[in-house]
Every structure is written in structure tokens, then in C-alpha cells.
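# Survey of secondary and tertiary structure
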Amino acid sequence: MAILEVLHIPDNRLRKVAQAISNVDDSIRELAKDMLETMYAENGIGLAATQVNVQKRMVVIDLSTEQSDPKVLINPEILDSSGTEEMQEGCLSVPDIFETVERPETITVRYQNLEGEIIEESVDGLYAVCIQHEIDHLDGRLFIDYLSPLKRNRILKKFEKQEKLQAARVS
Ligand code: K1U
Ligand code: ZN
């Protein structure tokens, strides 16, 4: 198992669109283990492969407080959605920023599990929000894209400044 590096904005690799996984094999199961370990190490409740610079359509989620309910969703897609709900979101790729985002409240999602079986379920609450946030990552979208241009640009500027300071420190 390994803890992987999580990309932060303004890294353009976060904007890549991930490719479907055609075969759920041992390499995919190994990646799932590494992603779960990375998510737990970062105290997150979700992680998309895009965030660890792997352009494959896989996300991991664990909403339990004891890190005891790992879920792996391969090739997740939203088949249906209804209602709207506002929730505060955070992102491991945008550390220490929390903003309210409006999304569909209930979703029907289809995905494959680690055995390659197709699962279809209707979910709501934080699980639904997290699945939508993670699928957005696979499509190169970030939760800050839903904010006003003013808020989004303020956040981007803050991280660009941090990146420049870090670059100056190592050079
Ligand atoms: O994808 C990610 O960057 C992970 C992200 C998932 C997420 C959290 C909240 C709403 C939508 C999606 C996080 O885990 S942010 C980390 C975090 O500190 C957190 C936020 C809310 C509850 C628990 C943890
Ligand atoms: Zn995120």
C-alpha cells in the first residue's frame, strides 16, 4: 500500500477528463487500496483518481467516523436526479476552503464494484453530495467552479500566490 500525492489547485492536471476502466483487475484493486489509504491519511471523506494524477474513472468514499465503511465506485454515472440541496463542501485539492454549493438532492447512481459487478442505487444526503463532487473531479470540474467568479478568483489567487512563494523557497 502507498500514500499518494494529492494535487492542489492551480495544477492543470486536475482539469483532465478521466477514462473509463474497461477491466476491473488486480491493478485497479491495488489503486483502490492506495486511494483509500491516501484519503484516510488526509482525513477526507472522498477521493477521485484524478486528484492523485491517475486519469481513470474511480472514486473512493468513506463517510464513517471510524474509517470503517470504505466504498469504491468504478465508472460511476448519475442516471437520474431530483430536488436541490445546499451543503458546505471542502476539497483535498483546495485545502482549508469550505463553501456552500447547491446540487441535486437525490441521485440514482450506477457503478461497478471491485468485483466488476454493476450496482445501481438511489442515495441522498452527504453520500449523494460526495458522489457528485467526486464524479465532477473525474470530469475535470472542481467545487469552486460553482461559486461566483469573484469568490472563485479570490481562492485561485490565494493558491497561485502560495505556489509562487513555495517555488521561490526551493529555488
Ligand atoms: O474530493 C475531495 O476532495 C474530498 C472531499 C469530499 C467532500 C467533502 C465534503 C463535501 C463534498 C465532498 C473531502 O473529504 S473534504 C475534507 C473534509 O475535511 C471534510 C468535509 C466534510 C465532512 C468531512 C470531511
Ligand atoms: Zn474534491
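Right above here is the structure, for reference.
Residues numbered from 1 in each chain as written. Chains lettered and ligands numbered in written order. Predicted model: local features only at pLDDT ≥ 70, side-chain atom pairs only at ≥ 80, totals over all residues. Heavy atoms only, no water.

## Re the overall build of the protein chain
- When its secondary structure is counted, the protein chain shows three helices and seven strands.
- If you list the helices and strands of the protein chain from N to C, you get α-β-β-β-β-β-β-β-α-α.
- Relative to a compact globule of 171 residues, whose C-alpha radius of gyration would be 16 Å, the protein chain shows 16 Å and is just as compact.
- Its C-alpha atoms give the protein chain principal-axis dimensions of roughly 50 × 40 × 30 Å.
- Across the 171 residues of the protein chain, 42% fall into the buried class.
- Taking as baseline every contact in the protein chain between residues at least 6 positions apart, the subset at least 24 positions apart corresponds to 65%. (Helix = DSSP H or I, 4+ residues; strand = E, 2+ residues; numbered from the N terminus. Rg over C-alpha atoms; globule rule 2.2 N^0.38 Å. Buried < 20%, exposed > 50% of the residue type's maximum accessible area, 1.4 Å probe, protein only. Contact = heavy atoms within 4.5 Å.)

## Notes on the environment of Glu-89
- Mapped onto the secondary structure, Glu-89 falls in strand β4 (residues 85–89).
- With relative accessibility at 3%, the residue Glu-89 sits in the buried group.
- For the pair Glu-89 and His-133, spaced 44 residues apart in sequence, the C-alpha separation works out to 8.5 Å.
- Leaving out residues up to four positions away in the same chain, Glu-89 has contacts with Ile-97, Phe-98, Glu-99, Val-101, Arg-103, Val-129, His-133 and Phe-143.
- Of the polar contacts made by the side chain of Glu-89, one reaches the side chain of Arg-103; its length is 2.7 Å.
- There is a polar contact of 2.9 Å between the side chain of Glu-89 and the side chain of His-133. (Polar contact = N/O pair within 3.5 Å; in protein donor to acceptor, adjacent residues only side chain to side chain.)

## Some words on the pairing of strand β7 (residues 118–123)
- Of the strand pairs in this sheet, strand β6 (residues 106–112) and β7 are connected by six bridges, and their pairing is antiparallel. In the sheet register, Tyr-111 faces β7, and the bridge partner there is Ile-119.
- The hairpin formed by β6 and β7 contains five residues between the paired strands, and Gly-116 there has a positive phi angle of roughly 85°. (Pairing = 2+ DSSP bridges.)

## Here we look at the site of ligand 1
- Near ligand 1 you find 13 residues, and of these Ile-45, Gly-46, Gln-51, Leu-92 and Glu-134 are the closest.
- At 2.9 Å from an oxygen atom of ligand 1 is found a side-chain nitrogen or oxygen belonging to Gln-51.
- Leu-92 places a polar main-chain atom, nitrogen or oxygen, 2.7 Å from an oxygen atom of ligand 1.
- Out of a free accessible area of 520 Å², ligand 1 has 81% covered by protein chains.
- The cavity that encloses ligand 1 is the largest pocket.
- Here the shell around ligand 1 gets four residues from one element, more than from any other, and that element is helix α2 (residues 125–138).
- Taken together, the residues that form the shell around ligand 1 break down as five nonpolar, six polar and two charged. (Near = heavy atom within 4 Å. Areas by Shrake-Rupley, 256 points an atom, 1.4 Å probe, with all protein chains shown as cover. 1 Å grid on protein atoms, 1.4 Å probe; cavity = no way out; pocket = protein on both sides within 12 Å on 5 of 7 lines; lining within 4 Å. Sits in = over half its atoms within 2 Å of the grid points. Nonpolar A, V, L, I, M, F, W, Y, C, P; charged D, E, K, R; others polar.)

## Concerning the environment of Asn-75
- Topologically, Asn-75 is positioned in strand β3 (residues 71–82).
- Through-space distance from the C-alpha of Asn-75 to that of Tyr-111 is 5.4 Å; in sequence the pair is 36 residues apart.
- Discounting chain neighbours no more than four positions away, the residues touching Asn-75 are Ala-20, Ile-21, Arg-57, Arg-110, Tyr-111 and Gln-112.
- One polar contact links Asn-75 to Gln-112, side chain to side chain, over a distance of 3.0 Å.

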